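# Remarks on the overall topology
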Amino acid sequence: MPFKRYVEIGRVALVNYGKDYGKLVVIVDVVDQNRALVDAPDMVRGQMNFKRLTLTDITIDIPRVPKKKTLIEAMEKADVKNKWENSSWGRKLIVQKRRASLNDFDRFKLMLAKIKRAGIVRQELAKLKKENSS
Amino acid sequence: MAAKRKTPVKSRNPDLIRGVGKYSRSKMYHKRGLWAIKAKHGGVFPRHAPQPKAPTAAEKPPKFYPADDVKKPLLNKRKPKLTKLRASITPGTVLILLAGRFMGKRVVFLKQLPSGLLLVTGPFKINGVPLRRVNQSYVIATSTKVDISGVNLDKFDDKYFAKEVEKKKKKGEGEFFEAEKEDKKKLPEDKKEDQKAVDASLIKSIEGVPDLKAYLAARFSLKSGMKPHELAF
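I will try to describe carefully the structure that is included in this document. Within any chain, residue numbers begin from 1 and follow the written order of that chain's sequence. Chains carry letters and ligands carry numbers; both start at the beginning, A for chains and 1 for ligands, and go up in the order they are written. pLDDT decides what is reported in this predicted model: residues at 70 or higher carry local features, side-chain atom pairs at 80 or more are listed and counted, and totals for whole chains, interfaces and linings draw on all residues regardless. The side-chain values count all of the structure's non-hydrogen atoms but skip hydrogen atoms and water molecules.

## Notes on the overall build of chain A
A run of DSSP states H or I qualifies as a helix once it reaches four residues; a run of E qualifies as a strand once it reaches two. Both are numbered from the N-terminal end. Along chain A, the regular secondary structure elements total 4 helices and 5 strands. A compact globule built from 134 residues would reach a C-alpha radius of gyration of about 14 Å, whereas chain A, at 22 Å, exceeds it by more than 25%. Projecting the C-alpha coordinates of chain A onto the three principal axes gives extents of approximately 70 × 40 × 30 Å. Taking the intrachain contacts of chain A between residues at least 6 apart in sequence as the baseline, contacts between residues at least 24 apart amount to 47%. As displayed, chain A offers around 9,900 Å² of accessible surface, 55% of which is attributable to carbon and sulfur atoms. Between the averaged position of the 30 positive side-chain charges in chain A and that of its 16 negative side-chain charges there is a distance of 6 Å. Within these notes, the globule rule equals 2.2 Å times the number of residues to the 0.38 power, and the radius of gyration is based on C-alpha atoms. Contact between two residues is taken to exist if any of their heavy atoms lie within 4.5 Å; hydrogens are not considered. For the accessible areas, the method is Shrake-Rupley and the probe is 1.4 Å, while residue cover comes only from the protein chains on display. Charge assignment: positive for Lys and Arg, negative for Asp and Glu; neither His nor the chain ends contribute. Charged side chains are reduced to one point each, which is NZ for Lys, CZ for Arg, CG for Asp and CD for Glu.

## Considering the pattern of salt bridges
Salt bridge, as applied in this entry: a Lys or Arg side-chain nitrogen positioned within 4 Å of an Asp or Glu carboxyl oxygen. The full count for this structure, using the stated rule, is 18 salt bridges over all chains. Of the charged contacts in the structure, one is a salt bridge between D104 of chain A and R106 of chain B, with a shortest N-O distance of 3.1 Å. With D104 of chain A in helix α4 (residues 104-133) and R106 of chain B in strand β4 (residues 106-112), this residue pair bridges two chains. For E207 of chain B, the salt bridge identified is with K213 of chain B, shortest N-O distance 3.4 Å. Throughout this description, buried means an accessible area under 20% of the type-specific maximum (1.4 Å probe, protein chains only), exposed means over 50%, and partly exposed covers the range between. Residue class for E207 of chain B comes out partly exposed when judged on its relative accessible area of 48%. According to the relative accessible area criterion, K213 of chain B is partly exposed, its value standing at 39%.

## Concerning the layout of surface pockets
A 1.4 Å probe that fits into a set of points on a 1 Å grid over the protein atoms alone but cannot get out defines a cavity; an open set with protein on both sides within 12 Å along at least five of seven lines defines a pocket, and lining residues are those with an atom within 4 Å of a point. Grid points are joined across faces, edges and corners, and a volume is the space filled by probe spheres set on the points. Considered as a void within the structure, the second largest pocket measures approximately 710 Å³ in volume. Taken together, 24 residues form the lining of the second largest pocket, with L102, R107 and L110 of chain A together with M226 and L231 of chain B sitting closest to its centre. Only α3 (88-100) and α4 of chain A provide two or more residues apiece to the lining of the second largest pocket. Ranked by residues supplied to the lining of the second largest pocket, first place goes to α4 of chain A with 6 residues. Think of it as three bins: nonpolar holds Ala, Val, Leu, Ile, Met, Phe, Trp, Tyr, Cys and Pro, charged holds Asp, Glu, Lys and Arg, and polar takes everything else, Gly as well. Residues of the lining of the second largest pocket, tallied by class, amount to 11 nonpolar, 3 polar and 10 charged.

## Structural notes on the interface of chain A and chain B
At the interface, 10 residues of chain A touch 18 residues of chain B. Taking both partners together, chain A and chain B bury about 960 Å²; carbon and sulfur atoms supply 58% of that area. Here chain A is connected to chain B by 1 salt bridge. Under this definition, polar contacts are N or O atom pairs within 3.5 Å; protein pairs additionally need one hydrogen-donor-capable and one acceptor-capable atom, and for neighbouring residues in sequence, both atoms have to be side-chain atoms. Summed over the shared surface of chain A and chain B, the result is 4 residue pairs in polar contact (both at pLDDT 80 or more). In terms of residue count, the dominant contributor to the side of chain A that touches chain B is α4 of chain A (6 residues). Looking at the side of chain A that touches chain B residue by residue, the classes come out as 5 nonpolar, 2 polar and 3 charged. Buried area: the accessible area, evaluated with a 1.4 Å probe, that two parts lose upon being put together, summed over both parts.

## Concerning the pairing of strand β3 (residues 93-97) of chain B
Residue and element names in this part refer to chain B. Within β3, 5 of the 5 residues are buried, which leaves the element mostly enclosed by the surrounding structure. What you see with β3 is no split at all: T93, L95 and L97 on one side and V94 and I96 on the other are buried throughout. For β3 and strand β7 (residues 139-145), the ladder comprises 4 bridges, and the chain directions are antiparallel. What sits directly across from L97, in β7, is V139. Sheet topology places β3 next to β4; 3 bridges connect them, and they run antiparallel. In the strand pairing of β4, L95 is matched with V107. Paired strands, in this sense, are two strands between which DSSP finds at least two bridges.

## Description of the sheet that holds β7 of chain B
Residues and elements named next belong to chain B. Strand order across the open sheet formed by 5 strands is β6-β5-β4-β3-β7, with antiparallel pairing between neighbours. Looking at the sheet topology across the chains shown, the edges are occupied by β6 (132-134) and β7. Pairs of neighbouring strands in the sheet enclose a mean axial angle of 45°, with direction left out of account. Here strand β5 (residues 118-121) pairs with β6 via 3 bridges, running antiparallel. By the bridge assignment, L118 is partnered in β6 with V134. Between N-to-C directions, angles span 0 to 180 degrees; the directions come from axes that are lines fitted to C-alpha atoms, helices contributing only their stretch in contact.

## A word on a nonpolar patch on the surface
Residue and element names in this part refer to chain B. Two joining distances apply to patches: 9 Å for like charges and 5 Å for nonpolar side chains (Val, Leu, Ile, Met, Phe, Trp, Tyr), and every residue must have over 30% relative accessible area and no salt bridge. On the surface, L16, I17 and V20 cluster together into a nonpolar patch covering about 290 Å² of accessible area. Turning to its location among the elements, V20 is positioned in strand β2 (residues 20-21). A relative accessible area of 39% places V20 in the partly exposed class.

What follows is the structure, given as structure tokens:
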């Protein structure tokens, strides 16, 4: 099984530990074997250990340690935000966040909706069963 | 007593530091104009005739002198402040009751009573919780709010919820068994009317929101996998 996602300049990664948990950042330089210089449009550029990053499939085309403006332009050109939100990984994270922020009333409405959907599915199934058996 | 002034008197002798005034006694005598008062009254301060004292009742010598001197406790004039209400609890909030007969029921918060307890109602028709008092600590506040503007809550305070004091009946031999029969207390009609009046406009605003009525009728419970410290209410 060869590796598919490499640490390279322009690799978009997800932070999985620490103050910036859950943010998408771009690797703009490699400091040494364990650390990378990392940047995002809304944070100060800083170093991060690779263990805190999970690499994604998305890369962007930037020179080593670009200016913030260049970085933002490159991210817009590669359309990182939309690619991320349409990917299955990104969609899962969005759903998780939504589920965690549900109100007690929202949870109740969700339960009613689930029951309703299950009822409809069961009705269809019963219909199909009847058609098949007859 | 002398007539009250319109504005409180500001001291003519400002403090240099606490306990030390700026002006000496003689200077203050001149500042207050006491020389002018003396001059007006011919060199003497005016003296009022002593007001006749109201006749005090003759004090009887006490019947009982305690053997040892008993210490009197110190005077305490502190008045406790009204219990601080959590910021998440505002009139119209849906609360989850955590203890007592109505454990798990979702109720509507009406107002905070002078004793600090929360006045709460089901509404009665929806989930069987009447107008009731509940302590803030036994309640989870959700972020769901109900429109409470059409309700008049002026007549409800802690005295409304006080227990009825029974008149002491003389117990005779034969009356012992009869007294047991009338133990069951009926709820007075005016309390039922109050409940209906409060609930009428509440129920109308609740029915305006889809599913809210069923939500209030259902009880809350923790299911498998629900972590209370991670739930958003």
